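Tertiary structure, described
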Amino acid sequence: MSDQLSFAKKLWSQAPLIQSKEKLYEHILQNKKLKNHEEISDFLSPQMDQLHSPWIMKGMKEAMSRITEAIKKSERIMIFGDFDADGITSTVILVAALKELGAQISYRIPDRNTDSHGIKPHHVDEIASQKVKLIITCDCGVNDLEALQYAFEKKIDVIITDHHTPDENIQKRPVIATINPLMKECSYPEKNLSGAGIAFKLISALAEKYFDNKAEKTNFLHKYIEIATIGIIADCVPLIGENRIITKLGLEQMKTTQWTGLRHFFISNEIDQQNIDEQTIGFAIAPRLNAASRIGDVTIATQLFLGDENQHPARLNQLEHWNKKRKHLTHISLQESHDQVRPKASVQIFVNENWHPGILGLIASKQSETLGVPVIAATLRADGLLAASCRAPEGSHMAQALQSCRQLFTHFGGHAGAAGFVAQPKHLEAIREALDTHFSQQSSIVPSHEVNAFVSSHILDFETIDFLKTIAPFGIGNLEPVFGLQGVTIQDYKIMGTHKNHIRLTLAGESENFQAIAFFAETWINRITSGQIVDILCTVSDSYWQGQRRREVRVVDIRESL
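The model shown is predicted, which means the values in this text are computed figures rather than measured ones. (Residues numbered from 1 in each chain as written. Predicted model: local features only at pLDDT ≥ 70, side-chain atom pairs only at ≥ 80, totals over all residues. Heavy atoms only, no water.)

Considerations on the sheet that holds strand β11 (residues 418-423)
Keep this limit in mind: The criterion for strand pairing is that DSSP finds at least two bridges linking the strands in question. Strands are runs of DSSP state E lasting at least two residues, helices are runs of H or I lasting at least four, and both sets are numbered from the N terminus onward. All axes here are fitted lines through C-alpha atoms, helices being fitted over the stretch that makes contact, and every angle between N-to-C directions spans 0 to 180 degrees. We call two residues contacting when some pair of their heavy atoms lies within 4.5 Å.
Taken in spatial order, the five strands of this open sheet run β7-β8-β9-β11-β10, and their pairing is mixed. The sheet is open, and its two borders are formed by β7 (348-351) and β10 (411-414), each paired with just one other strand. The mean angle between the axes of side-by-side strands here comes to 15°, regardless of whether they run parallel or antiparallel. In terms of strand pairing, β7 meets strand β8 (residues 375-380) through four bridges, oriented parallel. Within β8, the position partnered with Q348 by the bridge is V375. With respect to the sheet, helix α14 (residues 360-371) is in contact with β7, β8 and β9 (386-391), its orientation differing from that of β9 by roughly 40°. Sitting on the sheet, helix α16 (residues 428-440) is in contact with β7, β8, β9 and β11, with an inclination near 160° to β7.

As structure tokens, then:
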């Protein structure tokens, strides 16, 4: 690896120079560590029967017994979800599937800005008043011991489905079953499922219980696999193993979706349904679902799937409005956070009592990406408590860091890369000191870009793009191949975007001139000049405009050419 830092202040990995498409394809497949023809075939063409049996998951048998009893007795079941896109889709899967099987079903999703994550005792009171006999949580619940104990006292049964890291200090949960592959006693081999993925496993077990005919079971699951796909991609879990199988099949199913809300969404956003991919979800669908809970009303997003079809256009207009407002607030808040950067600190903590609680995660994510260290963004809630979202780059574990000072929090939880907490404002300095100590003791890692190969730009043609589609969808664990182009001349460039943070580049390679775009590259603008010779890292894909297919080269990073 060269020790030359790029415009993004990253190192680039060593990679071979490859001059033919055939060798490039072979090299990319080798990097996937696929050992034989059967593994390559399974990877390129995954099938539903490659998924593990849901019955392997601890608690599944107990959950199925209680759910089928509730359906048989017409007991009221409450699905209690979470407010992000993963939680919304988890809720949709369980509500729609159980209703289809005859359950008396309703749902409740807490408010991000007043309730925070998870089920609370006051939710249990509300649910009890509706004569509910069974609560099924999704994408939450595993660490909400106070509410679980209260539900037990109220004689309401609870089934937890969750994928968040369990608190090891909780020895016993008073519930029918806890379905979470991260529980120590669970031997389920796939540990990286999202909340929607686990919800899909639950209805997979239901399908096996309710349908003898394989075709009926498959048709039942196909309706929900595309909804699980949205949650998996939105939650940024590794796209390997079962996550990749579900998303690959779900994206294909979405091309002929029967969900009217999705069809309306594709039409209103002028998205070619036959060419949707993981970026359609990551950059179009998920942000709008999340905007509902960040800025508006999460019920509107949920009703896009569960509500009256006639109201979908109005819902989409509202989601679009909230998404634009979310972008505006995030831009302003990011600018305000710059003044709080502590030079060379091992963790950055930004606090502003005027920030909207719904955009804290976006601030933390962007600043962590820019600064290369764990970042916490916090604000004061209406009840006077400090609410925070935390993000950490690869190599740092946010949830473990919070565990190290758990006594300072009223409530906390999360994963390696993303977490959150609620605390008394008076504990802020103690939290800062504890996390400074924790992260300063971790090995310092210079962020880097993994380069698949250095190539000539003409190799990145439509044939190569078609090959790349066979190994998609891309995400953590199955990263989109990044290619290096050496000795490229910047002939011209143009600053673009509402906030002037994108750059359109006209580049001259060794065999062609071509266009490329660098998104969110405002920190590079003062370093770019016409005539400059640089190396670039890029990805390549396609898009369609007025029926014409176009190649799209997206610049990931730039460095001076040596």
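From this point, things continue past the structure.
Re empty space enclosed by the protein
Gaps between atoms show up when a probe of the same size as a water molecule is rolled over them. How we decide: Cavities and pockets are found on a 1 Å grid laid over the protein atoms alone: a cavity is a set of points where a 1.4 Å probe fits but cannot escape, a pocket is an open set with protein on both sides within 12 Å along at least five of seven lines, and a lining residue has an atom within 4 Å of such a point. Grid points are joined across faces, edges and corners, and a volume is the space filled by probe spheres set on the points. As a working rule, the residues Ala, Val, Leu, Ile, Met, Phe, Trp, Tyr, Cys and Pro are called nonpolar, Asp, Glu, Lys and Arg charged, and the rest polar, with Gly in that last group.
Summed over the entire model, instances satisfying the criterion amount to one cavity of 30 Å³ or more. By volume, the largest cavity amounts to about 40 Å³. A per-element tally of the lining of the largest cavity places helix α11 (residues 278-295) first, with three residues. Residue composition of the lining of the largest cavity, grouped by class: five nonpolar, no polar and one charged.

Focus: the packing of helix α12 (residues 298-306) against helix α13 (residues 312-337)
In plain terms, the rule: Throughout, a crossing is termed right-handed when the near helix is turned clockwise from the far one, and left-handed when it is turned anticlockwise from it by less than a right angle.
Across the interface, α12 lies against α13 with an axial gap of 10 Å and an inter-helix angle of 145°. α12 and α13 meet at a crossing whose hand is left-handed. Packed against α12, whose contacting residues are I300, A301, Q303 and L304, the element α13 presents H312, R315, L316, L319 and W322 at the interface.

Regarding the packing of aromatic side chains
Our working rule: Aromatic rings from Phe, Tyr and Trp, taking only the six-membered ring of Trp, are treated as a pair when their centres fall within 6.5 Å; an angle between ring planes under 30 degrees marks them as stacked, one over 60 as edge-to-face, and anything in between as tilted. Three labels apply to residues, based on accessible area from a 1.4 Å probe with only protein chains included: buried if under 20% of the type maximum, exposed if over 50%, partly exposed otherwise in between. Only when the NZ atom of a Lys or the CZ atom of an Arg is both within 6 Å of the ring centre and within 35 degrees of the ring normal do we say a charge sits over the ring.
Enumeration according to the criterion identifies nine aromatic pairs in this entry. With a centroid separation of 5.3 Å and an interplanar angle of 65°, the aromatic rings of F220 and Y224 are classed as edge-to-face. With F220 and Y224 both in helix α8 (residues 214-234) and four residues apart, this pair spans about one turn of that helix. Here F220 matches Y224 in class, with each residue buried. Taking 6.0 Å as the distance between ring centres and 65° as the angle between the ring planes, the aromatic pair formed by Y224 and W259 counts as edge-to-face. In this pair, Y224 sits in helix α8 while W259 sits in the loop between α9 (241-254) and α10 (260-268), placing the two residues 35 residues apart along the sequence. A relative accessible area of 3% places Y224 in the buried class. An aromatic cluster is defined as three or more aromatic residues linked by ring pairs; in this entry it consists of F211, F220, Y224, W259 and F305. When the ring centre of F43 is taken as reference, the NZ or CZ atom of R244 above it lies at 3.6 Å.

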